[in-house]
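# Residue-level structure breakdown
Here is how the chains run, residue by residue.
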Amino acid sequence: MSRKFTPKVVTANALLEGDVVYLTADDRWTRDHTEAELIEDEAHAQVRLVDASSRADEVVGAYLADAKPGEDGPEPVHFREVFRTRGPSNYAHGKQETV
Amino acid sequence: MYSYTEFDEAFVRERVAQFRQQVERRIDGALTEDEFKPLRLMNGLYLQLHAYMLRVAIPYGTLNSGQMRQLAYIAERWDKGYGHFTTRQNIQYNWPKLKDVPDMLDALADVGMHAIQTSGNTIRNVTADHFAGAAADEIEDPRPYAELLRQWSTDHPEFQFLPRKFKIAVSGAPNDRAVVKAHDIGLEIVRNDTGEVGFRVLAGGGLGRTPMIGKVIREFLPKDDLLPYCEAIVSVYNLLGRRDNKYKARIKITVHETGLEEFRDRVEARFAQLRPEFGGADQALLAEIKAQFARPPLQASSLAAFESAYTNDPVFRAWTDTNIAEHAEPGHAIVTISLKAHGATPGDATAEQMREMADLAQAYSQDELRISHEQNVILPHVHKSDLPAIHARLKEAGLATANVGLVSDIIACPGMDYCALATARSIPVAQQIATRFDELKLEHDIGPLKIKISGCINACGHHHVGHIGILGLDRAGVENYQITLGGDGSEDTAIGTRTGPGFAYDQIVPAIETVVNTYLDQRESPDETFLQTYKRVGMEPFKAALYPDQEKQRAA
Ligand code: SF4
């Protein structure tokens, strides 16, 4: 038995602004983690990562990050990814500026 | 102060023009990220957690008021109105947009600054004592040598692809304020038995994953031999340094694995080959550089205003007691402006604050400023009679915190609030420690104490050499902080020792309070510093206080 697959989202940084983006099910890049496509299948995750990485004129450094279903959509699991959804803790800069 | 030659200027402009085209080609899709990444890194542009980051070199930490104003302008025009001064005497902008970066680099070039070799496996910004050219204890100003090294290493064709990055620091005084022993090459200006001035050369120091104290490779190097000898060290390293394993690629591992004797023999052999090739042009250049670093003439004047303020104003007195250092010239002082207001981000300055510091430098400090590796700003040449006026203006600007060298004067790297490599946050830990000790009103009673925090094993926050070091790690998906005690970044460099298991994010500030309280209990008198007490009593009392349950178990 293979281990249970932890759901993933595809995330990267936007090429022009450098800020954190997530891949949606309809192939948009969103700034909002809850709009990301929650990928429950390992093979599909790899395909989506390849898709994302091929969009080199839009994003940089695409990778798969652990996520879990939440009330409003996917939520990050690891604290690093939680910070990436909002910005630094010393100033209200980054994503939290606009929320 | 040193200003760029035409050659430098042309070189920097050309690099900016090239980078502008590279950015355009990246944006229009002609360059992939794999192709572009090394190019942007060569120009100091990183991609961090939330945004790009531009790292700008401040060679040996010296800048003039015009340069500081330009840094302020760049922060306002293209960033979020502030900059972060780092432990390598650089400034980092945390929010640049890719398309703006060439303009930022052009604006830097306008004042003779750049971001070249602030990244990559090259010789990085050469750092120096931030009191250079001003300190009372100095044998000679190290900056002309640092500048000579900068010119030699910039775009050096042989050293653009070293096994790993390479850092050089120079100090001109017996009191080491540049942590030279923690550098790939450390240079200490010394006087030998016959009174001749030269360098003690150290190699193979470094912090990071495997901290090592630099080893003396040459006890006394005549000054004229500086470049060929450094070139010999770097070229032997370039040959022997491991390229197969990133974690073993720094010169500290090369020296360790090769053995100091063997490494030294190879360096001396290479030096013998190289020495004749340096025909004296380097010395002519050095003479020109030196003339530009000559200390400006300082005027003597009455100390009455200073003395009266010192006697009558306790706030001013407290500030001078902590933030002023002795100047070589009688009646003068070196002012350290603390960028560590309690609860603020260590090393950050707003554009307004940068402008105010520039104005103060222009009015009172011969137009000079310095950035220290401890993330503060220095006015190096101030007459004491001007101190009350300077203090009053710093107060207005929120820059008069009287805490240099105290518990809240914390070094903290950007950590997981910005850095893509981080395993935990460091800034909020620093903010909370400073706030806590300010509440306790214990800071001045505690006395000299250096806390240094890194957000990962790379140790940009110098935690190994903090009297109290804090290292943020990721332990099974939770932030966890290890404490080390007894580190020392001075001429008596020492690597701190771990207390034991780490502490959770919400436990680290209480744990530091416990460490400090233990010191207060243990010290023989208020004159015994934290480090002295630690050296006398050792780790045990601190362990017992930090891990009471384990102590009980052991007793049971
Ligand atoms: S120590 Fe680690 S977290 Fe801190 S700045 Fe350096 S690489 Fe980033």
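Residues numbered from 1 in each chain as written. Chains lettered and ligands numbered in written order. Predicted model: local features only at pLDDT ≥ 70, side-chain atom pairs only at ≥ 80, totals over all residues. Heavy atoms only, no water.

### Looking at the interface of chain B and chain A
Quick reminder of the rule: Here a residue-residue contact requires only that any non-hydrogen atoms of the pair lie within 4.5 Å. Two parts lose some accessible area (1.4 Å probe) when they are put together, and adding that loss for both gives the buried area. Basic side-chain nitrogens of Lys or Arg form a salt bridge, by our definition, when they fall within 4 Å of a carboxyl oxygen of Asp or Glu. N or O atoms closer than or at 3.5 Å make up a polar contact, with two conditions inside protein: a donor-capable atom paired with an acceptor-capable one, and, for residues adjacent in sequence, both atoms drawn from side chains.
The partner chain A presents 25 residues to the 32 residues of chain B that form the contact. Roughly 2,300 Å² of surface becomes buried between chain B and chain A when both sides are summed, with 60% attributable to carbon and sulfur atoms. Connecting chain B to chain A are 1 salt bridge. Ionic pairing is found between K80(B) and E97(A), a salt bridge with its closest N-O pair at 3.2 Å. Run the count over chain B and chain A and you get 11 residue pairs in polar contact (both at pLDDT 80 or more).

### Brief notes about helix 4 (residues 101-109) of chain B
Quick note on the threshold: We call a residue buried when its accessible area falls under 20% of the maximum for its residue type, exposed when it is over 50%, and partly exposed in between, using a 1.4 Å probe and counting protein chains only. Only DSSP runs of H or I reaching four residues or more are called helices, and only runs of E reaching two or more are called strands; each is numbered from the N terminus.
For helix 4 of chain B, the tally of buried residues reaches 7 of 9 residues, placing the bulk of the element in the interior. Those residues of helix 4 of chain B that sit buried are V101(B), P102(B), M104(B), L105(B), A107(B), L108(B) and A109(B).

### Looking at the packing of helix 6 (residues 226-240) of chain B against helix 7 (residues 251-258) of chain B
Residue and element names in this part refer to chain B. Condition: For helices, the axis comes from a line fit to the C-alpha atoms of the stretch in contact; other axes are also lines fit to C-alpha atoms, and the angle between any two N-to-C directions lies between 0 and 180 degrees. An angle counts as roughly parallel when it lies under 35 degrees, as roughly antiparallel when it exceeds 145, as roughly perpendicular when it falls between 65 and 115, and as oblique in every other case. Put simply, Ala, Val, Leu, Ile, Met, Phe, Trp, Tyr, Cys and Pro go in the nonpolar bin, Asp, Glu, Lys and Arg in the charged bin, and everything else, Gly too, in the polar bin.
Direction vectors running N to C along helix 6 and helix 7 enclose 80°, while the axes themselves pass 10 Å from each other. For the element pair helix 6 / helix 7, the angle class is roughly perpendicular. Residue-level contacts link I233, Y237 and L240 of helix 6 to I251, T254 and T258 of helix 7. Residues that form the contact of helix 6 with helix 7 fall into these classes: 4 nonpolar, 2 polar and no charged.

### Description of the domain arrangement of chain B
How we decide: Boundaries between domains were set according to an automatic or database domain assignment.
We note that the domain assignment places domain 1 (6-110), domain 2 (135-291), domain 3 (311-396) and domain 4 (420-555) within chain B. Using only C-alpha atoms to locate each centre, domain 1 of chain B and domain 4 of chain B end up separated by 35 Å.

### Here's the deal with the pattern of salt bridges
Pairing is possible between side chains that carry opposite charge, provided their charged atoms lie close to one another. All names here are of chain B. Scanning all chains against the criterion turns up 53 salt bridges over all chains. The salt bridge partner of R242 is E257, with a shortest N-O separation of 3.1 Å. Of this pair, R242 sits in the loop between helix 6 and helix 7 while E257 is found in helix 7, placing the two residues 15 residues apart along the sequence. Judged by its relative accessible area of 25%, R242 falls in the partly exposed class. Residue E257 is classed as partly exposed on the basis of its relative accessible area, which comes to 46%. Across the pair E329 and R295 runs a salt bridge, and its minimum N-O distance is 3.1 Å. Highlighted residues: E329 in the loop between strand 11 (324-326) and strand 12 (332-337) and R295 in the loop between helix 9 (281-293) and helix 10 (304-312), separated in sequence by 34 residues. Here the salt bridges share partners, and the residues they tie into one network are E9, R13, R20, D103, D106 and D110.

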